[in-house]
Amino acid sequence: MDSPVPLSFTAFLQFADYSLLRSLTVDPEQARHAPNKMPRQVKSGHYVEVLPTPLPDPHYVIHSLSFFRELGLSESAASEASFMQFFTGDPTVAVSAANADIASPHVRASGWASGYALSIYGQEMYHNCPFKNGNGYGDGRAISVLEVLLPNGHRWEFQLKGGGRTPYCRGGDGRAVLRSSIREFLASEAMAAMGVPTSRALCLFVSRSETISRPWYSPGAKTEEPDRMVDEPAAITTRAAPSFLRVGQLELFGRRARKNEHPRALAELEAIFLHALEREYPDIAAELRGTEATLSDKVIAVAREFGARLSRLAAHWIRVGYCQGNFNSDNCAVGGWTLDYGPFGFMEAYNPMFQMWIGGGEHFSFMNQPMAAATNFQMFCMAVTPLLGQDTNAIKALGDIVDTLPKFMNHEMYRMWAEKMGLAEFRMELFAELHALMTETPVDYTIFWRELSSLPKHVAALRPGFYETRGGYAQDSVTMEARWTVWLQKWHAALEQEGREPADVSAAMKRVNPKYIPREWMMVEAYRSATDAGDFSLVQKLHDVLADPYGEQSEAMAALYYKKKEEKFFDLGGTSHCSCSS
Ligand SMILES: Nc1ncnc2c1ncn2[C@@H]1O[C@H](COP(=O)(O)OP(=O)(O)OP(=O)(O)O)[C@@H](O)[C@H]1O
Ligand SMILES: [Mg+2]
């Protein structure tokens with residue numbers, strides 16, 4: 001932000017802005033159900049006002065310096081008492097603090113949670129809602145507490161994950177454990193540093209007195225499912241995004257409109273769509289404002305851009321080796337950025353079917369992510385179709401966008417692979433051979449690409465990126481190396497044909513092939529020392545390393561974090577795979 005003087009937290013609150021939220025409807029029954037912390041059906045309205053449940057005895061774990069800077073917050077804001085109180089679930093304290101300092105703060109005294117629907121790979125789901133009709137499903141433990149509009153025009157909504165029960169908690173405790181909170185904090189900030197569109201993480205606090213019980217793996221367990229219940233500290237991560245609108249949210253109102261569930265169903269769908277346009281597509285909104293654009297025009301414009309963003313997002317995920325793991329429509333942000341950070345994982349030994357979550361199935365595995373994204377997109381388009389009424393031209397235009405999306409996705413994928421290979425033009429045959437070699441060897445996805453970025457002529461230089469005791473390399477290293485040698489020659493021939501300066505090619509490759517990624521065993525090491533010993537230094541150290549993913553960094557850092565997965569971590573519960581992650 002341009003602000004020359006970094007702001008204290010209370011000064012930052014002057015940017016609170018709820019003008020857009022006012023275009024939405026609140027649950028008309030919320031007053032009757034106050035304080036709205038019990039599971040119940042919410043039949044209409046876009047959100048329910050609910051106060052977070054404060055985290056008892058909160059203790060600071062970490063904050064994101066880079067995000068603070070982006071917001072214009074001073075580093076010392078993280079240690080302000082009102083900051084901690086606000087982001088551990090007591091917004092009223094900050095409201096009075098702000099009142100003391102600022103002329104007219106507009107901070108709301110309550111938070112809000114939203115309902116959404118769920119589709120799994122294009123299948124509308126109802127059975128996960130306790131009422132079997134979708135009225136009880138939504139933010140069960142995520143409560144939004146603040147929205148700001150910064151002088152640079154950026155809008156941010158702040159949401160407490162693990163902030164307590166809401167009407168959508170379905171009997172859950174509304175909490176998140178420190179383990180999963182550390183994973184979300186580290187991974188989402190690492191993704192931002194790698195240039196992948198994502199929700200951000202502002203800060204993380206842990207309770208010194210509240211623990212919650214979750215099924216998890218004993219150290220060394222190689223079972224598929226967790227083998228015991230573990231009491232873990234409760235924590236709250238504050239995450240931020242332009243909005244937390246999910247495809248599932250549009251679906252909830254789309255389904256209600258389609259089924260004509262109540263007289264305001266179509267109007268509610270329109271309101272949430274226009275809200276999504278303003279929040280996630282402000283450029284389109286500005287362009288269309290004051291023109292003759294119809295609602296249909298707006299729907300088509302958003303769909304076209306959302307499809308493009310999702311295509312780029314899936315390509316980014318594959319570029320950095322990220323597998324979302326559970327890419328249901330309720331985990332798919334309408335803004336086309338990464339959301340949820342539950343059973344995600346980062347690729348190590350290359351396997352196109354990699355998937356961290358044992359319940360995730362092949363459809364959400366690594367290389368199927370573009371198709372999973374396209375399926376969520378289809379559900380989005382279906383949800384907004386009632387807004388087109390009888391406008392046959394618009395209905396056809398939307399259908400065409402859906403039909404052409406896979407082609408668009410392929411285009412983005414090819415562009416991304418070409419960039420990773422240092423080529424201006426994608427070459428299918430060269431890539432297909434490389435893909436087979438990466439899989440059969442197998443390579444370490446990060447180290448291999450990074451070493452390739454130095455444009456090696458000989459296979460020996462790639463060896464640090466091979467899992468030498470696994471797969472094809474372990475069986476017959478001589479044949480494997482011979483195949484790599486042939487591939488390297490073809491690749492160099494292609495590079496020479498394009499005729500770019502090798503130093504430029506190498507530098508460009510190093511800007512798209514990260515050196516440091518959040519490997520699961522690193523996060524396990526960090527969250528274990530946090531949960532078991534209350535020592536957060538490893539979390540901080542890992543966060544610092546991941547803040548500069550494309551830098552070479554020191555030899556000491558490389559020795560610790562530019563490192564293949566050790567043999568002992570393969571098949572290990574919680575490190576190689578997980579069931580539920582929360
Ligand atoms: N402990 C809990 N208490 C209440 N609701 C929960 C709890 N854990 C998960 N949920 C709800 O169950 C649903 C599915 O959980 P999932 O793991 O996808 O989401 P999440 O990780 O909580 O959140 P998000 O998608 O908001 O990042 C979500 O609607 C979530 O709010
Ligand atoms: Mg989720």
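Residues numbered from 1 in each chain as written. Chains lettered and ligands numbered in written order. Predicted model: local features only at pLDDT ≥ 70, side-chain atom pairs only at ≥ 80, totals over all residues.

If you look the protein up in an unreviewed UniProt entry, it shows as Protein nucleotidyltransferase YdiU from Sulfurirhabdus autotrophica. The heading Sequence similarities (unreviewed entry) in the UniProt record of the protein holds the text "Belongs to the SELO family." The UniProt entry for the protein carries the following text under Function (unreviewed entry): "Nucleotidyltransferase involved in the post-translational modification of proteins. It can catalyze the addition of adenosine monophosphate (AMP) or uridine monophosphate (UMP) to a protein, resulting in modifications known as AMPylation and UMPylation." (UniProt positions renumbered as here; feature names shortened; annotations may be inferred.)

> Mind showing me how you'd approach the overall build of the protein here?
When you go through the protein residue by residue, the secondary structure sums to 19 helices and 12 strands. Since a compact globule built from 582 residues should have a radius of gyration of about 25 Å, the 24 Å found for the protein is in line with a globular shape. Along the first, second and third principal axes, the C-alpha atoms of the protein reach 75 × 60 × 50 Å. A buried classification covers 48% of the 582 residues belonging to the protein. (Helix = DSSP H or I, 4+ residues; strand = E, 2+ residues; numbered from the N terminus. Rg over C-alpha atoms; globule rule 2.2 N^0.38 Å. Buried ≥ 20, exposed ≤ 12 C-beta atoms within 10 Å, placed from the backbone.)

> Just to check I follow, could you spell out the domain arrangement of the protein for this structure?
Buried accessible area, meaning the area lost when the parts come together, often serves as the stated size of an interface. Splitting the protein by domain gives domain 1 (9-245), domain 2 (257-418) and domain 3 (425-499). Of the residues lining the interface, 11 residues belong to domain 2; the matching set on domain 3 comes to 12 residues. Per-class residue counts for the side of domain 2 that touches domain 3 are 7 nonpolar, 2 polar and 2 charged. (Domains from an automatic or database assignment. Contact = placed C-beta atoms within 7 Å. Nonpolar A, V, L, I, M, F, W, Y, C, P; charged D, E, K, R; others polar.)

> Would you explain the packing of helix 9 (residues 295-320) against helix 11 (residues 392-420) in this entry?
Each pair of packed helices gets described by two things: the angle between the helix axes and the distance between those axes. Contact pair helix 9 / helix 11: the axes reach a minimum separation of 8 Å and the direction vectors enclose 25 degrees. Comparing their axes, helix 11 and helix 9 come out roughly parallel. For helix 9 against helix 11, the interelement crossing comes out right-handed. A breakdown of the residues in the contact of helix 9 with helix 11 according to their chemical character gives 16 nonpolar, 3 polar and 5 charged. (Axes fitted to C-alpha atoms, helices over the stretch in contact; angles between N-to-C directions. Parallel < 35°, antiparallel > 145°, perpendicular 65-115°, else oblique. Left-handed = near helix turned anticlockwise from the far one by under 90°.)

> Got a minute to help me understand the nonpolar core in this structure?
What tends to happen in soluble globular proteins is that the nonpolar side chains get buried as a cluster. Among the nonpolar cores identified, the biggest contains 154 residues, and Ile182, Phe205, Ala235, Leu250, Val299 and Phe380 are the most heavily contacted of them. For alanine 235, the residues in contact, after removing those within four places along its chain, are Gly162, Ala176, Val177, Leu178, Ser181, Leu204, Phe205, Val206 and Ser207. (Core = buried A, V, L, I, M, F, W, Y, C linked by C-beta atoms within 7 Å.)

> Got a minute to help me understand unusual backbone geometry in this structure?
A negative phi holds for most residues other than glycine; trans holds for most peptide bonds. Look at the link from alanine 34 to proline 35: it is a cis peptide, with omega at 5 degrees. Its location among the elements puts proline 35 in the loop between helix 1 (9-12) and strand 1 (47-50). If you check the backbone angles, asparagine 36 has positive phi at about 60 degrees while not being a glycine. With respect to the helices, strands and loops of the structure, asparagine 36 is situated in the loop between helix 1 and strand 1. Using a count of 23 C-beta atoms within 10 Å as the deciding quantity, one classes asparagine 36 as buried. Positive phi outside glycine occurs at aspartate 571, with the angle close to 65 degrees. The residue aspartate 571 is located in the segment after helix 19 (555-561) in this model. According to the C-beta neighbour criterion, aspartate 571 is partly exposed, with 13 such atoms within 10 Å.

> Please clarify how helix 10 (residues 369-384) should be interpreted in this entry.
Residues spaced three or four apart along an α-helix face the same direction, because each turn holds 3.6 residues. Across its 16 residues, helix 10 extends 23 Å between first and last C-alpha, which sits within 8% of the 22 Å expected from 1.5 Å per residue. The buried fraction of helix 10 amounts to 13 of the 16 residues, a majority that puts the element mostly inside the structure. (Expected span 1.5 Å × (residues − 1).)

> Is there a simple way to explain the site of ligand 1 in this structure?
Taken together, 14 residues lie around ligand 1, and Gly140, Arg141, Cys169, Gly172 and Asp340 are the ones closest in. Its residues assigned to classes, the shell around ligand 1 comprises 2 nonpolar, 7 polar and 5 charged. (Near = placed C-beta within 6 Å.)

> Could you clarify how one ought to interpret the UniProt feature "active site" (unreviewed entry) in the protein in this entry?
Sites flagged by UniProt as "active site" (unreviewed entry) map to Asp330. Structurally, aspartate 330 is set in the loop between strand 11 (322-323) and strand 12 (345-346). Note on aspartate 330: 25 C-beta atoms within 10 Å, which makes it buried. If we skip the residues at most four places from it in the chain, aspartate 330 touches Tyr116, Leu118, Arg246 and Gly248.

> Where do I start with the environment of leucine 495 in this structure?
Mapped onto the secondary structure, leucine 495 falls in helix 15 (residues 477-498). Each C-alpha atom, one on leucine 495 and one on glycine 422, is 7.5 Å from the other, the two residues being 73 residues apart in sequence. Among residues more than four places away in sequence, those in contact with leucine 495 are Gly422, Leu423 and Val505.

> Honestly, the packing of helix 5 (residues 178-193) against helix 18 (residues 537-546) in this entry has me stumped. Any pointers?
At their nearest, the axes of helix 5 and helix 18 sit 9 Å apart, and the two run at 15 degrees to each other. What the angle tells us is that helix 5 and helix 18 run roughly parallel. Helix 5 and helix 18 meet at a crossing whose hand is right-handed. Across the interface between the two elements, Ile182, Leu186, Glu189, Ala190 and Ala193 of helix 5 pack against Val539, Leu542, His543 and Leu546 of helix 18. Taken together, the residues of the contact of helix 5 with helix 18 sort by class into 7 nonpolar, 1 polar and 1 charged.

> What is the right way to look at the UniProt feature "binding site: Mg(2+)" (unreviewed entry) in the protein in this model?
With numbering aligned to this structure, UniProt lists the feature "binding site: Mg(2+)" (unreviewed entry) at Asn331 and Asp340. Note that asparagine 331 resides in the loop between strand 11 and strand 12. A tally of 22 C-beta atoms within 10 Å means that asparagine 331 is categorised as buried. For asparagine 331, the contacting residues outside a window of four places in its chain are Arg246, Asn326, Leu339 and Asp340. Along the chain, the position of aspartate 340 falls in the loop between strand 11 and strand 12.

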